[in-house]
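What follows is the residue order along each chain.
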Amino acid sequence: MTDNLDSLMVAPMPTADRPLLGLTVLVVEDSRFASEAMRLLCLRSGARIRRADSLTAARKHLRVYRPNVVIVDLGLPDGSGAELIDELSHARPRVDVLLGMSGDSGAETLAHTAGADGFIEKPISSLGAFQERVLSCLPEGVRPEGLHAVNSDVISPDPIALQDDFVHIADLLTTEGGENLLDYIAQFLGGVARTAGDAEMEVAAKELAYHREKGLPYGSEVARVAGLVQSRIEPRKVV
């Protein structure tokens, strides 16, 4: 219904300041902080944005909406984003732009192998770089002519969204069966830390991931991560 109504409306024409005007972007990202960054980048560029925080949620969105651009984080709570990229790259009609995204530069090969048109390495805060990445991947008939992404503005996500991410991980660490989620927790925190420029947290997350991968004892690494997460959650004022 929504897509039918959208198709009857005259699409707004992009401008130099808002080169993505008229486009709808679906961001598949489980981090609230990274999602907030993408929201600001899209809105400042003129694009409408929808968000899904898992593969399941993304597939529900795609049954109802048809976005022009899909940006998929490769590390999601219910599987690899490469699965969704592969599905969408073979779907007909295909979305105009399909981008993989990760804080791990080594994931670029995985994204392209799955069928992505391009890759965004987190963190991305430059408005001009984001616009250029999307514009360069648009098909020739869709890409606006004469527009160049030259905006040097840098966006700054709301730190409350970062707090939400840390609260989420604190909850996972204390839930029953949380140990089975440690690989996801390490991946999630590594990406959030890189986006936030939190070097200490990024190192701790990498150490946890390394010990898990190599089958080494990891109790002290979990304790370190848990302590860092708690130190970054501001005490809530009692009213």
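Here the structure is a predicted model, which is why all the values come from computation and not from measurement.

Its 15 residues place the ends of helix 8 (residues 182-196) 21 Å apart at the C-alpha level, agreeing with the 21 Å of an ideal helix rising 1.5 Å per residue. Buried residues dominate helix 8, accounting for 11 of its 15 residues. Among the residues of helix 8, those classed as buried are Leu182, Tyr184, Ile185, Ala186, Phe188, Leu189, Gly190, Gly191, Val192, Ala193 and Thr195. Residues of helix 8 that are buried sit in contact with helix 2 (32-45), strand 4 (75-76), helix 7 (159-174), helix 9 (199-214) and helix 10 (219-231). Two residues or fewer past helix 8, Gly197 is found with a positive phi of approximately 70°.

According to the stated counting rule, one finds one aromatic pair in the structure shown. The side chain of Arg50 reaches across the aromatic face of Tyr65, ending 3.6 Å from its centre.

Attention now moves to the pattern of salt bridges. In the structure shown here, the tally under the stated rule is 14 salt bridges. The salt bridge partner of Asp73 is Lys122, with a shortest N-O separation of 3.2 Å. Of the two residues, Asp73 is situated in strand 3 (residues 69-73) and Lys122 in the loop between strand 7 (118-121) and helix 6 (127-137); the sequence distance between them amounts to 49 residues. Each member of the pair, Asp73 as well as Lys122, is classed as buried. Residues Arg232 and Asp198 are paired through a salt bridge, measuring 2.6 Å at the closest nitrogen-oxygen approach. Here the residue Arg232 occupies a position in the segment after helix 10, and Asp198 occupies one in the loop between helix 8 and helix 9, the gap between them amounting to 34 residues. Of the two residues, Arg232 and Asp198, neither departs from the other in class, the shared state being buried. Through salt bridges with shared partners, a single ionic network connects Glu121, Arg194, Glu202 and Lys206.

With that settled, consider the sheet that holds strand 6 (residues 97-102). Ordered by their spatial adjacency, five strands build an open sheet running 2-1-3-6-7, and the pairing between neighbours is parallel. Of all strands in the sheet, those bounded by a partner on one side alone are strand 2 (48-52) and strand 7. Strand-to-strand twist in this sheet, taken as the mean axis angle between neighbours without regard to direction, amounts to 20°. Its contacts with the sheet put helix 4 (residues 81-90) on strand 1 (24-28), strand 3 and strand 6, and the angle it makes with strand 3 is roughly 155°. Where helix 5 (residues 107-114) meets the sheet, its contacts fall on strand 6 and strand 7, and the angle it forms with strand 7 comes to roughly 155°.

Bringing the packing of helix 8 against helix 9 into the picture now. Their axes nearest at 8 Å, the elements helix 8 and helix 9 cross at an angle of 155°. It follows that helix 8 is roughly antiparallel to helix 9 by the angle criterion. Where helix 8 crosses over helix 9, the handedness of that crossing is left-handed. Along its contact with helix 8, which presents Leu182, Asp183, Ala186, Leu189, Gly190, Ala193 and Arg194, the element helix 9 presents Met201, Glu202, Ala205, Lys206, Leu208, Ala209 and Arg212. A class-by-class count of the residues in the contact of helix 8 with helix 9 yields eight nonpolar, one polar and five charged.

The rules behind the values
Starting afresh in each chain, residues are numbered from 1 along the sequence in its written order. Under the rules for a predicted model, residues below a pLDDT of 70 receive no local features and side-chain atom pairs below 80 are neither given nor counted, while totals for whole chains, interfaces and linings still include all residues. Here the side-chain values reflect all heavy atoms present in the structure, with hydrogen atoms and water set aside. Helix and strand labels come from DSSP, where a helix needs a run of H or I of at least four residues and a strand needs a run of E of at least two; each type is numbered from the N terminus. A helix is expected to span 1.5 Å multiplied by its residue count minus one. Exposed residues in this analysis have more than 50% of their type's maximum accessible area, buried residues have under 20%, and partly exposed residues fall in between, with area computed by a 1.4 Å probe over protein chains only. Residues are treated as being in contact if the distance between any of their heavy atoms lies within 4.5 Å. Only the six-membered ring of Trp is used, alongside the rings of Phe and Tyr, when aromatic pairs are assigned; centres must lie within 6.5 Å, and planes under 30 degrees apart are stacked while those over 60 apart are edge-to-face, with the rest tilted. Only Lys NZ and Arg CZ are tested; either one counts as a charge over a ring when it is within 6 Å of the ring centre and within 35 degrees of the ring normal. Within this document, salt bridges are pairs made up of a side-chain nitrogen of Lys or Arg and a carboxyl oxygen of Asp or Glu, the two lying within 4 Å of each other. Any two strands between which DSSP finds at least two bridges are classified as paired. Interaxial angles span 0 to 180 degrees and are taken between N-to-C directions of axes, which are lines fitted to C-alpha atoms, for helices over the stretch in contact. In what follows, roughly perpendicular refers to angles from 65 to 115 degrees, roughly parallel to angles under 35, roughly antiparallel to angles over 145, and oblique to any angle outside these ranges. The sense of a crossing depends on the near helix, which, turned anticlockwise from the far helix by less than a right angle, makes the crossing left-handed and, turned clockwise, makes it right-handed. Gly falls in the polar group here, along with every residue not listed as nonpolar (Ala, Val, Leu, Ile, Met, Phe, Trp, Tyr, Cys, Pro) or charged (Asp, Glu, Lys, Arg).

Read these as spatial facts, not as claims about activity.
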